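Coordinates in review
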Amino acid sequence: MNSLDRKRWRDFWHLRGQVVAITLVVASGVAIAIMSLSTLYSLRQTRSLYYQQNRFAEVFAELKRAPESLRRRLAAIPGMGIVETRVVAAASLRIAGCDEPVTGQLIAIPEQRDVWLNRLTVRHGRLVEPDRDDEVVISESFARAHRFSPGDTLTVIINGRQQNLEIVGIALSPEFVYEAKPGSLLPDYKRFGILWLGRKALENAYDMEGAFNNVVATLGSGAVIGSVVDRLDQLLEPYGGQGAYGRAEQLSHRYLSEEFRQLEQMATIYPTIFLGVAAFLLHVVISRLVHTERQQIAILKAFGYQNGVIGLHYFRLVMMIVLVGVACGVAVGVWLGRHLSELYMEYYRFPFLSYTVSPGVVAAVAAVTVLAAALGTVWSVSGAVRLPPAVAMRPAPPAVYRPSWLERLGLQRFFSQPARMVIRHLERQPLRSGLTIIGIAMAGAILMVGSIFQNSIEYLVDVHFGLAHREDLTVAFVEPTASRSLYELQRYPGVIWGEVYRTVPVRLRSRHRQYRTAVMGVRPENELHRLLDRDLQPFQPSPAGIMLTDQLGSILQVKEGDRLTVEALEGRRPVRELTVAGLVKEYVGVSAYMELAALNRFMAEGELVSGVYLRVDEDRLPAVYAALNTMPRVAGTVVQRHAVESFYETMAEQVLIFTFFVTMFAGIIAFGVVYNSARISLAERGRELASLRVLGFSRREISAILLGELAILTLAAIPLGFLAGYGLCFYIISYLQTDLYRIPLVIDGSTYAFSAVMVLLAAGISGLLVRRRLDHLDLIAVLKTRE
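Let me begin by describing the structure that accompanies this report. (Residues numbered from 1 in each chain as written. Predicted model: local features only at pLDDT ≥ 70, side-chain atom pairs only at ≥ 80, totals over all residues. Heavy atoms only, no water.)

With respect to the overall build of the protein chain
The helix and strand tally for the protein chain stands at 22 helices and 22 strands. For the protein chain, the proportion of its 787 residues judged to be buried stands at 55%. For the protein chain, the exposed surface amounts to about 33,900 Å²; the carbon and sulfur share of it is 57%. (Helix = DSSP H or I, 4+ residues; strand = E, 2+ residues; numbered from the N terminus. Buried < 20%, exposed > 50% of the residue type's maximum accessible area, 1.4 Å probe, protein only. Areas by Shrake-Rupley, 256 points an atom, 1.4 Å probe, with all protein chains shown as cover.)

What follows is the structure, encoded as structure tokens:
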């Protein structure tokens, strides 16, 4: 080990406090990157393997009824692979101890299971026997919500007839990784479940012998999804086809893809911010460290060490610190990534987790961190090593000494001598002070980034469920029915008010863009479900034209006054061009709206409705539930407060879990930035402060000089951090918009307060640690000549 190696290890030990702080900062940036990217990679890999192993279909179609003989013509479509016809139906469930409406989706299991698409993964029990009509397999999430197990009995209303079914198995399906009720955006595992029965049992119950009402299929090699879907639509149209679609539009896959896209944005943006702050801190620390060792560099050059050797010495010192941080960050990131992936598994119904940390991801994150540190080191060392030894051995030229701005204003009498010294020092080192302020400000900014989602999600819920959707119950009918159904429901005790609506599945086209959604018809006088403008003020639907949510308008790139092709996917399937009459502000879902009478005219049908919104006396809710359960025309109900609970348990909680880790790492970085600033200031001014002690200054006075400087820099950085934090929050929120929900940018006083308090707390702890070192300054060493 040569002399420079020994010096490097001595420096490493001497700077152990700063080494720990820098290591924490680097490790935090690396950990958030590894955690985010490994979670995203593992979830995508898990989904891909699950789809492949369970033969997840690529084409889907619903229809009214078609003979089984049509299957041969479907299979002959060019590009079509395996075709499977099914019977699918909705049912009401009776569960002991549950007064609220519970619905289920019944799906037939094919008798021939060798080429079964959307194959089930049985978690407990077994599949139903083909010749049994009293057995059922239920989805795992529904079973967990009600604590069902194989051998229990489930009462199901099938086609108006009550039947007791034995639960023989609990399973998962790739078709329902995201298990939401048709027409609903949010899963509600307690009030909606998937049930699989034998094909013959469902055929007999719904008079579908030799017929089907649902198609799933795969694609052949080289098939074009668009042409396959178009041909499938043509064949199914005479049988009440409701529009075929590809896997990209399948409810579960679509929302899962949207959430993965959002997770990808978060996994890209947050690590970039954190690693950027870490790289900036490294640059500041290295620059000031080299500045404090200016004379040592001169001595090394005087003894014959070349510039490259000296630069390599500091590069190795920095790499020691950085590599320790990278190693710790990778270890922590892998550990947290596995736990975060397991948390996401509670929401994504996969039967297994294929957690994998890509070596390429680890190498890329480590390379970015090392490169940032290397560039900072080269930049910092290059200026010092170029100086001749005689020049470098002198102290750096002092800043221009002149009266500070306080003295020029004649305000010096209002400040103590230590306070004036602090102000003079800051004014004479503007670049250094500015870099410190920027570093602390960025720490405060990322703290804001980690805490914005709580307020934003609460605002979203208030707007969507408080201003727009003010009903207590949403009742959906099996089929569109006469509007007089409203009066039947209003007669029930406890029903205060009701309003009708209609939904029609449609495909919207604008030039080469298209989107599959539903048009909702509402009456102008509706007060329970209101349309909101961009200022969140209620407005009435236009009697002519169609209105889109702002997100849908952005997807189709249309604005008010543009023309839009609307193709209905039920009934006579009319196709017409309509004018965009306005844009509706909504944060959840992507829908279109029309005035109810105009929608019924578009469909060339009478005054039909798809359901009813109800305001119900809370004390009478159980009685209303019971009444709805006895109505065969009711396909299902959505309880408002349950929808809010479901939102928090799924969408909101997933975001908050991720941001919890972000906030934790942001706090670590904030402390590392502030503490390093304080320690470097102490290293730079240690001789000066010790000299003041020799001249008679008390410990309190010299502490006030150093810590006062830190306090001023911190207080100056907080407002700048607010501005930077707002910009970062705006940037992040703008990239986290999905079809499922859009998070508004809401930054209130609590977000700013959290950032400021955490920065001040980090400054306070750093100040206490630095004060402890000040109290133990070696005054005798100050009188000695510097090495």
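Resuming the write-up.
Some remarks on the side chain of Arg47
Structurally, Arg47 is set in helix H2 (residues 16–53). Contacts of Arg47, omitting those with residues within four sequence positions, involve His253, Leu256, Ser257, Phe260 and Phe350. (Contact = heavy atoms within 4.5 Å.)

Structural notes on the packing of helix H20 (residues 699–734) against helix H21 (residues 749–774)
Between H20 and H21, the shortest axis-to-axis distance is 10 Å and the interhelical angle comes to 160°. Classified by the angle between their axes, H20 and H21 sit roughly antiparallel to one another. The hand of the H20/H21 crossing is right-handed. Touching Arg699, Ile702, Ser703, Leu706, Leu707, Leu710, Thr714, Leu715, Ile718, Phe722 and Tyr726 of H20 are Tyr752, Ser755, Ala756, Val759, Leu760, Ala763, Gly767, Val770, Arg771 and Leu774, all from H21. Broken down by class, the residue content of the contact of H20 with H21 amounts to 15 nonpolar, four polar and two charged. (Axes fitted to C-alpha atoms, helices over the stretch in contact; angles between N-to-C directions. Parallel < 35°, antiparallel > 145°, perpendicular 65-115°, else oblique. Left-handed = near helix turned anticlockwise from the far one by under 90°. Nonpolar A, V, L, I, M, F, W, Y, C, P; charged D, E, K, R; others polar.)

Focus on the packing of H2 against helix H9 (residues 307–345)
The interhelical angle for the contact between H2 and H9, taken along N-to-C directions, is 35°, at an axis separation of 6 Å. For the element pair H2 and H9, the recorded crossing hand is right-handed.

Describing the pattern of salt bridges
One pass over the structure, following the stated rule, counts 23 salt bridges. A salt bridge links Arg199 to Glu68, with the shortest nitrogen-to-oxygen separation between them at 3.2 Å. Remark: Glu68 occurs in the loop between strand E1 (59–67) and helix H3 (70–75) and Arg199 occurs in helix H5 (residues 199–205); sequence separation between them is 131 residues. Three or more residues are tied together by salt bridges with common partners; here these are Arg126, Glu129, Arg132, Asp134 and Glu135. (Salt bridge = Lys/Arg side-chain N within 4 Å of Asp/Glu carboxyl O.)

Overview of the sheet that holds E1
Spatially, E2-E10-E1-E11 is the arrangement adopted by the four strands of the open sheet, whose pairing is antiparallel. Lying at the two open borders of the sheet, with one neighbouring strand each, are strand E2 (80–86) and strand E11 (245–246). Relative to strand E10 (residues 211–219), E2 is paired through five bridges, and the arrangement is antiparallel. Along E10, the bridge assignment pairs Val83 with Ala217. Against the sheet, helix H6 (residues 225–236) makes contact with E1, E2, E10 and E11, and its axis sits at roughly 15° relative to E1, the strand it touches most. (Pairing = 2+ DSSP bridges.)

Quick word on H6
Because each turn of an α-helix spans 3.6 residues, side chains separated by three or four positions end up pointing in the same direction. With 12 residues, H6 extends 16 Å between its outermost C-alpha atoms, agreeing within 8% with the 16 Å of an ideal straight helix rising 1.5 Å per residue. All of the buried residues in H6 are Val228, Val229, Leu232, Asp233, Leu235 and Leu236. Axial view of H6: buried residues confined to an arc of 165°, hence all on one face. Elements in contact with the buried residues of H6: E1, H3, E2, E10, E11 and strand E13 (495–510). (Expected span 1.5 Å × (residues − 1). Arc of directions from axis to C-beta.)

Things to note about the nonpolar core
Within the largest apolar cluster, 95 residues are counted, with the highest numbers of intra-cluster contacts made by Tyr270, Phe274, Tyr348, Phe350, Phe453, Leu689 and Ile732. Secondary-structure elements contributing two or more residues to this core are H2, helix H7 (251–292), H9, helix H14 (430–468), helix H19 (640–694), H20 and H21. Ranked by residue count, the leading element in this core is H14, at 17 residues. Leu165, Ile170, Tyr206 and Met208 belong to the second largest nonpolar core, which has 27 residues in total. (Core = buried A, V, L, I, M, F, W, Y, C linked by side-chain atoms within 4.5 Å.)

Considering the pairing of strand E19 (residues 575–584)
When a strand is regular, its side chains alternate between the sheet's two faces. Both strand E17 (residues 546–549) and E19 contribute to a ladder of four bridges, which runs parallel. Looking at the pairing, Leu548 lines up with Leu583 of E19. When strand E18 (residues 563–568) meets E19, the two strands line up antiparallel, connected through five bridges. Residue pairing across strands places Thr565 opposite Glu577, the latter belonging to E19.

Section: unusual backbone geometry
For Arg55, which is not a glycine, the phi torsion comes out positive at approximately 55°. Structurally, the position occupied by Arg55 is in the loop between H2 and E1. Of note in the backbone geometry, Leu536 takes a positive phi value of approximately 60° without being a glycine. Among the secondary structure elements, Leu536 is positioned in the loop between strand E15 (531–532) and strand E16 (538–539). Classification of Leu536 by relative accessible area gives buried; the value is 15%.

Observations concerning H21
If you check H21, its first and last C-alpha atoms are 36 Å apart, about what 26 residues at 1.5 Å a residue would give, namely 38 Å. Residues of H21 that are buried include every one of Thr751, Ser755, Ala756, Val759, Ala762, Ala763, Ser766, Gly767, Val770 and Leu774, and no others.

Regarding a nonpolar patch on the surface
The grouping of Ile438, Leu720 and Leu723 at the surface amounts to a nonpolar patch, some 270 Å² of accessible area in total. Take Leu720: it is sitting in helix H20. (Patch = residues over 30% accessible without salt bridge, like charges linked within 9 Å, V, L, I, M, F, W, Y side chains within 5 Å.)

As for the packing of aromatic side chains
Per the stated rule, a full pass over the model turns up 11 aromatic pairs. For the ring pair Phe56 and Phe60, a centre distance of 5.7 Å and an interplane angle of 50° mean the geometry is tilted. Each of the two residues, Phe56 as well as Phe60, counts as buried. A connected cluster of aromatic rings, assembled from ring pairs, spans Tyr51, Phe56, Phe60 and Tyr245. (Phe/Tyr/Trp six-rings, centres within 6.5 Å; stacked < 30°, edge-to-face > 60°.)

Thoughts on the environment of Phe315
Here Phe315 is to be found in helix H9. Separated by 58 residues in the primary sequence, Phe315 and Ala373 have C-alpha atoms spaced 8.6 Å apart.

Section: the environment of Leu49
Inspection of the secondary structure assignment puts Leu49 in helix H2. Leave out the neighbours within four places in its chain, and Leu49 touches Phe352 and Ser354.

Examining the environment of Ala57
Note that Ala57 resides in the loop between H2 and E1. Put simply, Ala57 and Pro174 are 117 residues apart on the chain and 8.9 Å apart in space, counted from C-alpha to C-alpha. Apart from residues lying up to four places away in sequence, Ala57 is in contact with Leu117, Asn118, Val216, Ala217 and Arg247.

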